[in-house]
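# Structural features, examined
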Amino acid sequence: MIEFAKRLEHVEEYYFSKKLREVNFLKASGKPIINLGIGSPDLMPPQKVISALVEGLSGEQAHKYQSYQGLPELREAIVAFYRDVFDVYLSPSTEVLPLMGSKEGIMHISMAFLNEGDEVLIPNPGYPTYTSVTKLIGAKPVYYDLIEYNNWLPDIEALENQDLSKVKLMWVNYPHMPTGAKANEAFFIRLVAFAKRHNILIVNDNPYSFILNNEPKSLLGVSGAKDVCLELNSLSKTFNMAGWRVGMVLGKSEFINAILKVKSNMDSGMFYGVQKGAVEALKCTKLWYVSLNNVYEQRREIVWKIANALNCTYDKNSSGMFVWAKLPAFVKAEEFIDVLLKDKSIFVAPGTIFGSNGEGYIRFSLCATTDDLEEALARI
């Protein structure tokens, strides 16, 4: 019998990969399932983005292998975007690397910087991929607590009291998924100082900046951040382009070159038409963000009513495309969502899939039509 790699003993299939099979089975059997669990945008990208993709199909270079570093005009568009919206100045030739989605960047960064046995600081609750990739690399996850009392921000003083001698990398994610918490500049300044004191690479995973958030921020905007920080970003949420798989990693040239060594051995460049569409997306005016957030504001109002009907509490100041809701006392998240799925044919995500500190919470996605949300409210 051919044995599987030992690294698979330490990771599980992604929760949504498994749970959606159950949800899809119920739907196929006739259940009128309303899916409020997944953060996959259901809205269309800007029309000019689609037009650029279509036009790109007939380009002279369209069907050839593309540069591992992406088209020069894409890198220039990313840099202009960061300059205009974050006031962060980067070199298009050395300090930005387009990715096939920021999720692959988590693996590329981990492979570029982590050795077996290195420790990685991972938020609890947080994006599960940080943990799975860390384990696949052979590094050790070390979880740091995020709690509501501290506005879902790391307690840096508590971290300083830990043994950090083996910590090589720290994942942060603001605006935060799943809670929607935002970090201010003062916190980012403290975080960069912490990284410098302990020689830790901080990576801010930043795909939710423009969803229901009037003050988008980049960790790279802090003075000296480039010395110890990278930032991931994505077009998936901001421009409704999740299936296009367009992301980016930004930081100083030495870090980017290390990631490029990994990436250039993993793919043969992003499709030309996709890159041309991405360039147009990054040129969108403020009107795009206003119209997008008007839709999400309407949807969030209904989700707040759903949360109220379920006797949940939530923070109206949070951002992103989810509502993170606290269940009534002593109610277990996974038991609750299974009852909701069985009795009301509504699927929401249990907070526990994001870590132990997610117990007692559920997460609603705003990626559903107002009709579906109104129907969910009516059922409850």
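We now turn to the structure provided with this report. (Residues numbered from 1 in each chain as written. Predicted model: local features only at pLDDT ≥ 70, side-chain atom pairs only at ≥ 80, totals over all residues. Heavy atoms only, no water.)

### Some thoughts on the sheet that holds strand 8 (residues 247-250)
Which entries qualify depends on this criterion: The pairing criterion is simple: DSSP has to find at least two bridges between the two strands. Elements are defined by DSSP. Helices are runs of H or I of four residues or more, strands are runs of E of two residues or more, and each kind is numbered from the N terminus. Note on geometry: axes are lines fitted to C-alpha atoms, helical ones only across the stretch in contact, with angles between N-to-C directions running from 0 to 180 degrees.
Taken together, seven strands build an open sheet; the order of strands is 2-8-7-6-5-3-4 and the sheet is mixed. Bordering the open sheet on either side are strand 2 (96-99) and strand 4 (140-145), each of which pairs with just one other strand. Direction aside, neighbouring strands of the sheet carry axes that sit 20° apart on average. As judged from the four bridges shared by strand 7 (residues 229-234) and strand 8, these two strands associate in the antiparallel manner.

### Points about the side chain of Asn357
Basically, it comes down to this: Polar contact is defined as a pair of N or O atoms within 3.5 Å, subject to the rule that within protein one atom must be able to donate a hydrogen and the other to accept it, and that residues adjacent in sequence are counted only when both atoms are side-chain atoms. What makes two residues a contact is simply this: any of their non-hydrogen atoms within 4.5 Å.
Relative to the helices and strands, Asn357 is located in the loop between strand 12 (349-350) and strand 13 (361-365). A distance of 2.8 Å separates a polar side-chain atom of Asn357 from the backbone oxygen of Asn124. There is a polar contact of 3.0 Å between the side chain of Asn357 and the side chain of Asp145. When neighbours within four sequence positions are excluded, Asn357 is seen to be in contact with Asn124, Pro125, Asp145, Leu146 and Ile147.

### Thoughts on helix 2 (residues 47-56)
Note the following rule: We call a residue buried when its accessible area falls under 20% of the maximum for its residue type, exposed when it is over 50%, and partly exposed in between, using a 1.4 Å probe and counting protein chains only. Each C-beta atom gives one direction from the helix axis, and the arc is the one those directions make.
All of the buried residues along helix 2 are Val49, Ala52 and Gly56. Each buried residue of helix 2 sits inside an arc of 60° when the element is viewed along its axis, so together they form one side. Residues of helix 2 that are exposed and point more than 90 degrees away from the buried face comprise Gln47, Val54 and Glu55.

### A few points about the pattern of salt bridges
Close approach of charged atoms lets side chains of opposite charge pair. Test applied: Here a salt bridge means any side-chain nitrogen of Lys or Arg lying within 4 Å of a carboxyl oxygen belonging to Asp or Glu.
Taken as a whole and assessed by the stated rule, the structure comprises 14 salt bridges. Ionic pairing is found between Glu104 and Lys263, a salt bridge with its closest N-O pair at 3.2 Å. Linking Glu104 in helix 4 (residues 102-113) with Lys263 in helix 8 (residues 253-263), this pair joins segments that are 159 residues apart in sequence. Each of the salt bridges in this network shares a partner with another, and the network as a whole consists of Glu104, Lys263 and Asp267.

### Re the pairing of strand 10 (residues 322-326)
Counting buried positions along strand 10 gives four out of five residues, so the element sits mostly inside the fold. Relative to strand 10, strand 9 (residues 313-314) runs antiparallel, the two being bridged by two bridges. Within the sheet, the bridge partner assigned to Thr313 lies in strand 10 and is Lys326. Note: strand 10 against strand 13, five bridges, orientation antiparallel. Across the sheet, Phe322 pairs through a bridge with Ser365, a residue of strand 13.

### Some remarks on the sheet that holds strand 12
With antiparallel pairing, four strands are arranged side by side in an open sheet as 9-10-13-12. Edge strands, defined here as strands with exactly one partner in the open sheet, are strand 9 and strand 12.

### Section: the environment of Gly70
Of note, Gly70 is situated in the loop between helix 2 and helix 3 (72-86). On the basis of relative accessible area, Gly70 is assigned to the buried category, the value being 6%. Once the C-alpha coordinates of Gly70 and Asn293 are considered, the two residues, 223 residues apart in sequence, prove to be 29 Å apart. Filtering out sequence-adjacent residues up to four positions away, Gly70 remains in contact with Arg75, Pro98 and Gln275.

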